[in-house]
Each structure stands twice: as structure tokens, then as C-alpha cells.
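Geometric and topological summary
Below are the chains, spelled out letter by letter.
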Amino acid sequence: MTVDVGALGAYLPERARHATGVLGQFNAAGVLAAADVHVAQTLGRLGGETDEAVLLAAALTVRGTRSGSVVLDLASAAETIVPEALEAAGFEAGGGNADADAPDPAALPWPEPAEWIARCAASPLCGGEDDPAGPPLRLVGGSMWLDRYFGQERFVAAALLERATAAGPPVDSVRLATALDRLFPAAEDADQRAAAASAALSLLTVVAGGPGTGKTTTVARLLAALADQPGPRPRVALATPTGKAAVRLEEAVRAALAQLDPADAERVGDVSASTIHRLLGSRPGTRSRFAHDRENRLPHDVVILDETSMVSLTLMARVLEAVRPTARLILVGDPDQLASVEAGAVLGDIVGRSGAGPSRLAPHVVTLQRSRRFADAGPIARLAAAVRDGRGEEVLALLRSGEPGLEFVEVADDVLIADDAVAGLRADVVAAGTDMEAAARAGDVTGALDALERHRLLCAHHLGPRGVRLWTDRVAGWLGAPTAFRADRRYVGEPLLVTANDRDAKLFNGDTGVVVDCDGEPMAAFRRGGAPQLVPLGRLPEVRPVHAMTVHKSQGSEFVAVTLMLPSAASPLATRQTLYTAITRAAAGVRVIGSEDAVLRSVGRPAARASGLGERLRASG
Ligand SMILES: Nc1ncnc2c1ncn2[C@@H]1O[C@H](COP(=O)(O)OP(=O)(O)OP(=O)(O)O)[C@@H](O)[C@H]1O
């Protein structure tokens with residue numbers, strides 16, 4: 001069965017009004033958006049460049065940064081680039097999925113690579129590695145960067161390497177050893193102890209590890225070890241890319257401190273976490289610069305970033321500028337998860353991808369291997385490890401094994417999924433939804449929030465037949481129309497997703513809650529470390545029902561069971577990171593809906609994010 005994508009026309013990239021020639025053809029094929037064409041044309045006009053091959057390379061480089069890639073490899077561009085609207089919607093290039101007038105991208109006039117590179121190299125728009133800043137593009141080998149990202153990569157690499165090679169901060173090593181022995185007493189805590197020791201003894205440490213490997217616990221105990229050093233209590237900043245993650249980190253660190261000897265916890269004192277943006281501070285009148293930068297450094301002695309996988313190249317550059325040269329910087333995160341929505345895959349580059357050769361930062365990276373949360377041998381942990389390590393056949397075998405907690409619902413990529421095929425999903429959704437609504441009506445806030453976290457449907461895409469939008473409607477239909485809508489269309493028992501930050505209400509993009517009847521007054525309830533947070537519906541920021549959410553949005557959350565709606569094998573979002581991130585959200589159950597081919601393709605394909613940072617960190621010299 002073919003899929004009708006007529007409804008997707010609205011999401012196809014805008015046609016550029018003034019695009020003619022080669023740029024016009026690439027725009028009409030959906031490869032370049034109007035904005036890409038516009039930037040390239042402006043660069044050409046300002047730089048006196050009319051060569052269409054150079055302007056095409058510029059436009060494709062701009063386009064790449066919008067989907068996370070910092071650099072464009074000209075030689076492979078023709079094979080790797082998929083029209084953007086099709087990417088977003090989860091459709092394959094060509095194959096009749098594009099709008100009827102759109103030419104096939106493979107048939108576009110791609111320049112011959114060697115000549116393309118030579119024409120770009122001769123252009124006044126392109127500088128090389130060592131040219132002074134000025135031209136808007138950089139070309140090194142066959143790779144092209146926007147000068148801005150090229151500069152950021154170079155700066156981030158240099159700043160990290162400088163921290164890695166600098167003498168460590170002064171410490172009382174005898175006292176440190178005693179504190180670490182006290183704080184990490186068990187033999188099996190050796191990896192956590194090594195991470196804490198590294199963080200205490202050097203200006204840069206990366207604590208990498210999957211979910212539940214004890215990263216937060218290590219951070220909390222590290223803070224106790226540092227507080228135990230002679231002298232004043234160190235000034236510590238804890239920061240995360242999102243507000244939701246900051247709330248979670250603060251609660252988790254407090255909980256970990258509460259488990260320590262009271263004298264250790266007392267020495268650390270109160271901790272708070274903020275977003276990285278908030279830590280760096282806003283500067284009136286500018287959106288891209290922060291109050292803290294190289295001229296006005298952060299006052300902290302220790303800066304800890306959590307969920308670093310979600311930090312973009314640009315933000316990492318800003319952090320590195322702002323942290324005092326003598327302060328410790330500790331980067332915490334899971335490099336196997338999806339990267340930032342913006343350009344760059346900094347944590348992955350620092351840790352070094354498998355097979356790409358060791359990073360010069362390797363001595364500063366401590367990877368925590370053992371999950372402390374579930375039994376290591378549990379089926380979900382084994383499934384996650386097989387995905388992470390790219391063992392596709394083992395992933396399939398586990399999904400089909402019938403082991404408790406694992407389920408594979410096999411559906412072909414090109415069919416619209418019928419209700420009968422996903423009866424298990426429907427049963428889970430209806431059971432959790434019914435319990436949630438009953439608890440919400442009874443005013444049982446905790447019961448409603450427990451039901452909310454019992455099961456979550458995750459999709460890679462927003463749009464298309466496997467996307468959040470369609471499945472939100474399907475699930476809403478299964479749950480039945482609410483009997484009592486309010487004027488604002490909210491109803492008691494409705495699960496909500498916050499889609500904008502509201503610092504005053506302490507609600508953040510990605511927070512989820514439930515509308516609960518609190519003594520006749522409907523309130524939105526959100527889980528927090530202590531008592532749940534109750535917000536009158538009129539004071540909510542932007543929200544939508546959360547019957548399904550993207551894997552990206554689910555980062556940093558945990559559910560009892562998760563169903564992943566896998567995209568088709570042809571989708572660029574069918575990647576190892578999508579599958580790994582979804583699986584590692586689940587504590588007790590994982591159901592994957594998709595084709596065998598989609599599973600194998602996802603496991604076999606680490607997300608393609610082109611970046612030159614890893615190369616810089618590997619290069620000798
Ligand atoms: N050394 C340890 N001894 C005993 N329990 C531990 C130890 N380290 C971690 N834990 C426990 O394991 C669980 C997971 O630890 P923690 O929250 O620190 O992991 P994490 O890697 O930060 O997880 P996430 O990725 O979900 O943020 C917690 O319940 C914690 O108390």
C-alpha cells in the first residue's frame with residue numbers, strides 16, 4: 001500500500017521566490033529551503049561570487065547546520081542528502097513520496113566532486129584552515145564549514161585540550177584520598193571513585209555513562225570530597241541544557257547527598273541547579289551573547305554540566321569562554337543518546353566514536369559501565385547494550401525472545417497500522433489512561449501521576465504515519481472523547497506536555513503532568529522531588545495533550561514501560577541513538593513497533609552528524 005502524503009504539502013519547504021538556476025532546482029526538489037537559498041544568494045552578492053557551484057555548496061552547508069551537522073563533505077553530499085520535508089515527515093527520498101512536481105534529488109545537477117571542490121577553493125567566499133577570519137566559509141580538504149562554526153570548533157577543541165594538559169588545581173591529596181575512601185567504600189564503586197578523583201585533580205573531567213550507572217551519585221559524592229578540602233567551601237554551579245533536566249538534577253543530587261554521612265552532606269550545604277542559559281546570564285539587547293563571557297567570567301570554582309549530550313557546539317563554546325581558567329569543569333552525560341537539536345555532537349566527539357581512533361582527551365574521560373538501577377543481566381539492559389554496540393541480530397533475537405518486558409510488534413514499513421496490529425499498545429494505553437482519569441477525578445494526585453508514568457508512546461517523527469501527531473489522535477480516539485471538556489478544552493484526567501518554558505511558574509518545555517480535580521477545582525499536577533506541583537489551568541504556559549511524544553522530548557525522563565513507534569528503515573531518523581534513547585527510558589517494559597529492516601537499519605546506523613571536532617581532538621600535535 002502506498003501512503004497518501006497529500007496532507008504533508010503544508011510541511012514542504014517554502015519555495016524561494018527569487019531562486020533560479022541550480023539553486024532554484026535544488027529548492028524545487030525540496031533539498032534546499034528558501035532560507036538556505038537566501039543566505040547563499042546574500043553571501044554571493046556581498047562577496048562578489050556568481051559561480052553557482054560555490055553558492056550551492058554554501059546553501060547546502062547552511063542547510064546542514066539546521067539538521068545538526070557542522071560540516072558538509074562535498075564529495076559525498078549527492079549520496080547523503082535527503083529532501084528536508086521528507087526527512088521531517090519520515091519518508092524516503094524519491095519513491096513517489098515527494099509532492100508531485102518535485103524532481104528526484106538524485107537527478108539534480110550535482111557538480112562533479114573534484115571540480116566542485118576546486119571551484120570552491122578558488123572562491124573569495126572560502127578561506128582555508130589558517131586564513132585570518134573574514135570569508136564566510138572555510139574549506140579544508142573537501143569539507144566546508146560556515147566560518148562561525150569553524151571558529152567554534154577550533155575554539156572548543158583548543159579550550160578542552162588546554163584544560164586537559166594544564167596543571168590540576170591544588171589539592172590536599174592525603175585529605176582527598178581519605179574522603180574518597182569514606183565516600184566510595186565499596187570495591188565495586190572503583191569506577192565512580194576514579195571519576196571523582198579525576199574531577200578533583202584536573203581542570204577537565206568527562207563522566208560518561210548510560211542511565212542508572214551512578215553519574216549523579218558520583219557528582220554528589222565528588223561535591224562532598226571537594227567540600228572536605230581545606231579552605232573555603234568551593235562555589236559550585238550545576239547546570240543542564242533544559243529547565244526540566246535542571247529540576248531533575250537538583251532533586252537527584254539532593255537525594256544522593258541525603259544518603260551520605262550527615263557531616264559530609266552538611267559540608268556541601270544546599271545545592272541548586274539551573275539551565276546553562278540562566279547560569280551564563282542574559283545580556284540585555286542581545287540574544288546570542290551572555291552576561292558571562294571571557295571578559296566577565298563565572299565566579300564558580302567548580303562547574304558541572306549534566307545531560308551534556310544535549311549541549312550544542314555553540315553553547316559549549318560559550319561555556320568554555322565563561323568558566324574561569326582555574327575552575328574545574330566536569331561534563332556529565334550519556335554519549336550514546338541523541339545529540340542536541342542544534343548543530344554539533346560535542347559529547348560524542350569528546351568521548352570519541354568507536355573505530356574513529358582515540359581522542360586526546362581520553363585520559364580525562366571516565367566511563368561508568370555498570371547500571372546500578374536494574375540488574376545488569378536484565379533483558380532491557382541487555383537490549384540497550386546490544387543496540388549501543390551495534391549488534392543488530394542480537395537486538396532482533398532479544399526482541400523476539402519472549403523475555404519478560406520485551407515485545408516486538410512486526411509491521412511492514414509501508415502500511416498504515418491497523419488497530420488490530422497494535423492491540424497490546426492499545427490495551428496498555430487504555431489501562432493507564434483509565435486509571436489516570438479515575439485517580440484524577442478522585443483527586444488522587446499521586447495516583448494520577450503514577451498512572452501517567454506507567455506507559456509512554458514514543459515516536460521518532462512529528463509527522464507522517466509513524467509520527468506524534470497521527471498517534472496522538474489515534475490514542476485520543478482509543479481513550480474516548482472526554483465527557484466534560486472545559487471551555488479551554490482541558491479535561492480532568494488529561495495528560496499534558498508543556499511546550500514552552502515558564503520560569504515564573506517553574507514549568508519547562510518537556511514537563512509532563514495531569515489535570516486533576518482538586519476539591520472541585522481542576523489543577524495541572526506535575527511530579528517534583530517532594531510534594532507535587534499544582535498549577536491552576538489558567539496559569540499554564542503552552543501545553544498540549546501528551547498521548548505520544550518524540551524520542552527527543554523524552555530525553556531525561558523515565559517510564560515504567562515504553563512503546564517505540566519505529567520509523568521506516570528509509571527514514572534518516574531510524575538511527576541507533578533513536579532506538580537507544582527510547583529503550584533506556586524504560587524501567588520494566590519495552591515494546592518496539594516496526595519492521596525487522598527498520599530495527600536492523602537503526603542499529604546499524606549511528607546518527608550521521610558531520611562535525612570536525614572529533615578530528616581535531618584526535619589529530620596529533
Ligand atoms: N555507589 C553506589 N552505591 C549504591 N547505590 C548507588 C551507587 N551509585 C548509584 N547508586 C544508586 O543507583 C541508582 C542510579 O544512580 P544515579 O541516579 O546516580 O545514576 P545516573 O547515572 O545519574 O542515572 P540517570 O542517567 O538516570 O540520571 C540510584 O538509586 C543510586 O542511589
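Residues numbered from 1 in each chain as written. Predicted model: local features only at pLDDT ≥ 70, side-chain atom pairs only at ≥ 80, totals over all residues. Heavy atoms only, no water.

What follows covers the overall build of the protein chain. Looking only at helices and strands, the protein chain features 24 helices and 22 strands. Looking at the protein chain as a whole, 54% of its 621 residues qualify as buried. Carbon together with sulfur atoms contributes 53% to the accessible area of the protein chain, which is approximately 25,900 Å² in total. (Helix = DSSP H or I, 4+ residues; strand = E, 2+ residues; numbered from the N terminus. Buried < 20%, exposed > 50% of the residue type's maximum accessible area, 1.4 Å probe, protein only. Areas by Shrake-Rupley, 256 points an atom, 1.4 Å probe, with all protein chains shown as cover.)

Phi is mostly negative for residues that are not glycine, and the peptide bonds are mostly trans. The backbone phi angle of K506 is positive, close to 55°, even though this residue is not glycine. Residue placement: K506 occurs in the loop between β15 (495–498) and β16 (512–518). Residue K506 is classed as exposed on the basis of its relative accessible area of 56%. Backbone geometry at D519 places phi at a positive 50°, although glycine is not the residue there. For D519, the location among the structural elements is in the loop between β16 and β17 (521–526). By relative accessible area, D519 is classed as exposed at 83%.

Along the chain, R544 turns up in strand β19 (residues 543–545). For the pair R544 and P495, spaced 49 residues apart in sequence, the C-alpha separation works out to 8.4 Å.

What follows is about the sheet that holds strand β11 (residues 328–333). Overall, parallel pairing links the six strands, which are arranged β7-β6-β10-β11-β5-β12 in an open sheet. Edge positions in the sheet fall to β7 (273–275) and β12 (365–368), since each has one partner strand and no second. Adjacent strand axes in the sheet meet at a mean angle of 20°, parallel and antiparallel pairs treated alike. In this structure, strand β5 (residues 204–209) lies alongside β11, joined through five bridges in parallel fashion. In the sheet register, V207 faces β11, and the bridge partner there is V332. Its contacts with the sheet put helix α9 (residues 190–201) on β5, β11 and β12, and the angle it makes with β12 is roughly 155°. (Pairing = 2+ DSSP bridges. Axes fitted to C-alpha atoms, helices over the stretch in contact; angles between N-to-C directions. Contact = heavy atoms within 4.5 Å.)

Let's shift gears to the UniProt feature "binding site: ATP" (unreviewed entry) in the protein chain. The UniProt record marks G209, G210, P211, G212, T213, G214, K215 and T216 with the feature "binding site: ATP" (unreviewed entry), using the residue numbering of this structure. Residue position: T213 is located in the loop between β5 and α10 (215–227). Classification of T213 as buried rests on a relative accessible area of 3%. Setting aside residues no more than four positions away along its own chain, T213 makes contact with Q192, L368, Q369, R370, S371 and R372. Here G210 takes part through its backbone oxygen, which lies 2.7 Å from a polar atom of the side chain of T213. Inspection of the secondary structure assignment puts T216 in helix α10. Once you skip the residues sitting within four places of it in the chain, T216 turns out to touch L249, A252 and V253. (UniProt positions renumbered as here; feature names shortened; annotations may be inferred. Polar contact = N/O pair within 3.5 Å; in protein donor to acceptor, adjacent residues only side chain to side chain.)

On to the sheet that holds strand β13 (residues 406–410), then. Read from one edge to the other, the open sheet built from five strands follows the order β13-β22-β21-β14-β20, with strand pairing classed as parallel. Two strands lie at the open edges of the sheet, namely β13 and β20 (549–550), each paired on one side alone. Note: strand β21 (residues 559–565) against strand β22 (residues 586–594), six bridges, orientation parallel. Among the inter-strand pairings, V562 is bridged to a residue of β22, identified as V590. On top of the sheet, helix α17 (residues 392–399) reaches β13 and β22; it is set at about 100° to β13, its chief contact.

At a minimum axis distance of 11 Å, the contact between helix α8 (residues 173–183) and α9 shows a crossing angle of 150°. Relative to α9, α8 is oriented roughly antiparallel. Crossing hand, α8 versus α9: right-handed. Across the interface between the two elements, L176, A177, L180 and D181 of α8 pack against R193, A196, A197, A200 and L201 of α9. When its residues are assigned to classes, the contact of α8 with α9 shows seven nonpolar, no polar and two charged. (Parallel < 35°, antiparallel > 145°, perpendicular 65-115°, else oblique. Left-handed = near helix turned anticlockwise from the far one by under 90°. Nonpolar A, V, L, I, M, F, W, Y, C, P; charged D, E, K, R; others polar.)

Right, let's get into the pattern of salt bridges. Taken as a whole, this structure holds 33 salt bridges when the rule is applied. Where R254 meets D270, a salt bridge forms, and the shortest distance between an N and an O atom there is 3.3 Å. Remark: D270 occurs in the loop between α12 (262–268) and β7 and R254 occurs in helix α11 (residues 243–258); sequence separation between them is 16 residues. A salt bridge links R591 to E407, with the shortest nitrogen-to-oxygen separation between them at 3.0 Å. Of the two residues, R591 is situated in strand β22 and E407 in strand β13; the sequence distance between them amounts to 184 residues. (Salt bridge = Lys/Arg side-chain N within 4 Å of Asp/Glu carboxyl O.)

Once that is clear, we can look at the side chain of S312. Tracing the chain through its elements places S312 in the loop between β10 (302–305) and α14 (313–322). Residue classification places S312 among the buried positions, given a relative accessible area of 4%. There is a polar contact of 3.2 Å between the side chain of S312 and the backbone nitrogen of L315.

The subject of this paragraph is helix α18 (residues 423–441). Its 19 residues give α18 an end-to-end C-alpha distance of 26 Å, which sits within 8% of 27 Å, the value for a rise of 1.5 Å per residue. Every buried residue belonging to α18 is among L425, V429, A432, G433, M436, A439 and A440, and all of these are buried. Looking straight down α18, one finds its buried side chains confined to an arc of 130°; they lie on one side. (Expected span 1.5 Å × (residues − 1). Arc of directions from axis to C-beta.)

The next subject is the environment of A587. Following the sequence through the fold, A587 ends up in strand β22. Taking the C-alpha atoms as reference points, A587 and A381, 206 residues apart in sequence, are found 9.3 Å from one another.

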